[in-house]
Amino acid sequence: MTQKYRITLLPGDGIGPEIMAVAVDVLQVVGKKFDLQFDFTEALIGGAAIDGAGEPLPGATLDTCRQSDAVLLAAIGGYKWDSLPSNMRPEAGLLGLRAGLDLFANLRPAQILPQLIDSSTLKREVVEGVDIMVVRELTGGIYFGKPKGIFATETGEKRGVNTMAYTEAEIDRIGRVAFETAQKRGGKLCSVDKANVLEVSQLWRDRMTQLAAEYPDVELSHLYVDNAAMQLVRAPKQFDTIVTGNLFGDILSDAAAMLTGSIGMLPSASLGASGPGVYEPVHGSAPDIAGQDKANPLAQVLSAAMMLRYGLNQPGAAEHIEKGVLQVLEQGYRTGDIISADMNLLGCKAMGEVLIQTLEGI
Ligand code: IPM
Ligand code: MG
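Here goes a summary of the coordinates provided. Please read these numbers as outputs of a predicted model, since none were measured by experiment.

1. Focus: the nonpolar core
Thinking step 1. Core analysis: the biggest nonpolar cluster contains 68 residues, and Ile7, Val26, Leu72, Met265, Leu308 and Val325 have the highest contact counts within it.
Thinking step 2. The dominant element in this core, judged by the number of residues it contributes, is helix 1 (residues 16-34), at 9 residues.
Thinking step 3. Counting contributing residues, this core receives three or more from each of domain 1 (1-104 + 272-362) and domain 2 (110-261).
Thinking step 4. Grouped together as the second largest cluster of nonpolar side chains are 22 residues, Val130, Leu223, Val225 and Ala257 included.

This is the structure we're talking about:
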């Protein structure tokens, strides 16, 4: 029997619509093969929503997302909206979506593909075999803590304030996702904090240590965030699963992504306790190359694969896409961000076409 899914598409800004088009084509092809039917609804977010509906996350978008089985998002943001007040910027749309769907767990895998080792800026022997999962807390910490804002002091001078705060419950729920993720992977979890300076991190570390007792098969370690940043570029193979707060996770996941050669290859999943998850590339909207057919659509395509695996429980279809991506790389096809000598440079559309041909042939 055909399995039907309601998918909300949020193409957003910049290269978003181009890479989303490729992912949708790929899903259609895979759907045919695995007897899945996707009912796509497109909605506005980010700059596109500011222009089209006057706000970065229209209520209609959130409603559509809530009524779907999964949300596939491309990217938001661009120069055009950079000078708007923070609550009206495209980024506020993304943060509102995360909060609105209670997507507290952000999974960001950084796995180096053998075909792309030479695209990494690090030495082959440092990155060969890297396979890291960053579990980033996504709806708390300094991104959402109160008080926040820019306030006038008694002297009239302005003072900017954000608050890094975590409750025990918030730490525990992301901790459990991380321990369970590590269980399914290499059994090693590194919790990253700044417990030598921040009280919020001291509580984080205490809770992670407590939780470890419930997961005797997972080996827990702790690193301060500055050391973790250094270790990620010095000896990344020591890491299996990393769990960290919202801000540290934002920073470390970009660093981990770059180990693999290009952030243009990496997908992510944002999950809540129930309800639809949001699947999106780790990279941004790349306004500098938007509309030029230069973007790498593979992170978006791999995000669709993550959606199939984590959101729709269709691991076979997910693997099929992942296999197709590897084969395309194996055949020497590259977009500009991952190009190296003797490889075949393609634009976004052409990369999608080659991938679809490959998927149809597997
Ligand atoms: C990310 C991005 C976002 C974040 C921005 C666009 C709000 O950098 O998803 O990592 O900081 O979380
Ligand atoms: Mg980021």
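That covers the picture; the talk isn't over yet.
2. Describing the layout of surface pockets
Thinking step 1. Put simply, the largest pocket is a space of about 780 Å³.
Thinking step 2. As for the largest pocket, its lining consists of 28 residues, and the residues nearest its centre are Pro109, Met133, Met306, Arg309 and Tyr310.
Thinking step 3. Those elements giving two or more residues to the lining of the largest pocket turn out to be strand 4 (105-111), strand 5 (131-137), helix 6 (168-184), strand 11 (267-271), helix 10 (298-311) and helix 11 (315-330).
Thinking step 4. The biggest single contributor to the lining of the largest pocket is helix 10, with 5 residues.
Thinking step 5. Looking at the lining of the largest pocket residue by residue, the classes come out as 18 nonpolar, 4 polar and 6 charged.
Thinking step 6. Of the domains in this structure, domain 1 (1-104 + 272-362) and domain 2 (110-261) are the two that each give at least three residues to the lining of the largest pocket.
Thinking step 7. Of the voids in this model, the second largest pocket is the one considered here, and its volume is about 660 Å³.
Thinking step 8. Lining the second largest pocket are 35 residues, with Ile76, Val282, His283, Gly284 and Ser285 sitting closest to its centre.
Thinking step 9. Taken together, the elements giving at least two residues each to the lining of the second largest pocket come down to strand 3 (70-75), helix 4 (90-100), helix 9 (246-259) and strand 12 (278-281).
Thinking step 10. The class makeup of the residues in the lining of the second largest pocket is 16 nonpolar, 8 polar and 11 charged.
Thinking step 11. Two domains each provide a minimum of three residues to the lining of the second largest pocket, namely domain 1 (1-104 + 272-362) and domain 2 (110-261).

3. Concerning the pattern of salt bridges
Two side chains of opposite charge can pair, provided their charged atoms sit close to one another.
Thinking step 1. Taken as a whole and assessed by the stated rule, the structure comprises 17 salt bridges.
Thinking step 2. With its nearest N and O atoms 3.3 Å apart, the salt bridge here joins arginine 124 to glutamate 128.
Thinking step 3. Residue classification places arginine 124 among the partly exposed positions, given a relative accessible area of 39%.
Thinking step 4. Glutamate 168 is the partner of arginine 207 in a salt bridge, and the nearest nitrogen-oxygen pair spans 3.7 Å. Taken together, the positions of arginine 207 in helix 7 (residues 199-212) and glutamate 168 in helix 6 put the pair 39 residues apart, joining distant regions of the chain.

4. Considering the packing of aromatic side chains
Thinking step 1. Applying the stated criterion across every chain, the model contains 4 aromatic pairs.
Thinking step 2. Through pairs of rings, three or more aromatic residues link up here, namely Tyr5, Phe38 and Phe40.
Thinking step 3. Seen from the ring of tyrosine 143, arginine 136 lies directly overhead, with NZ or CZ sitting 5.3 Å from the centre.

Cut-offs applied
Residues numbered from 1 in each chain as written. Chains lettered and ligands numbered in written order. Predicted model: local features only at pLDDT ≥ 70, side-chain atom pairs only at ≥ 80, totals over all residues. Heavy atoms only, no water. Core = buried A, V, L, I, M, F, W, Y, C linked by side-chain atoms within 4.5 Å. Buried < 20%, exposed > 50% of the residue type's maximum accessible area, 1.4 Å probe, protein only. Helix = DSSP H or I, 4+ residues; strand = E, 2+ residues; numbered from the N terminus. Domains from an automatic or database assignment. 1 Å grid on protein atoms, 1.4 Å probe; cavity = no way out; pocket = protein on both sides within 12 Å on 5 of 7 lines; lining within 4 Å. Points joined across faces, edges and corners; volume = space filled by probe spheres on them. Nonpolar A, V, L, I, M, F, W, Y, C, P; charged D, E, K, R; others polar. Salt bridge = Lys/Arg side-chain N within 4 Å of Asp/Glu carboxyl O. Phe/Tyr/Trp six-rings, centres within 6.5 Å; stacked < 30°, edge-to-face > 60°. Lys NZ or Arg CZ within 6 Å of the ring centre and 35° of its normal.

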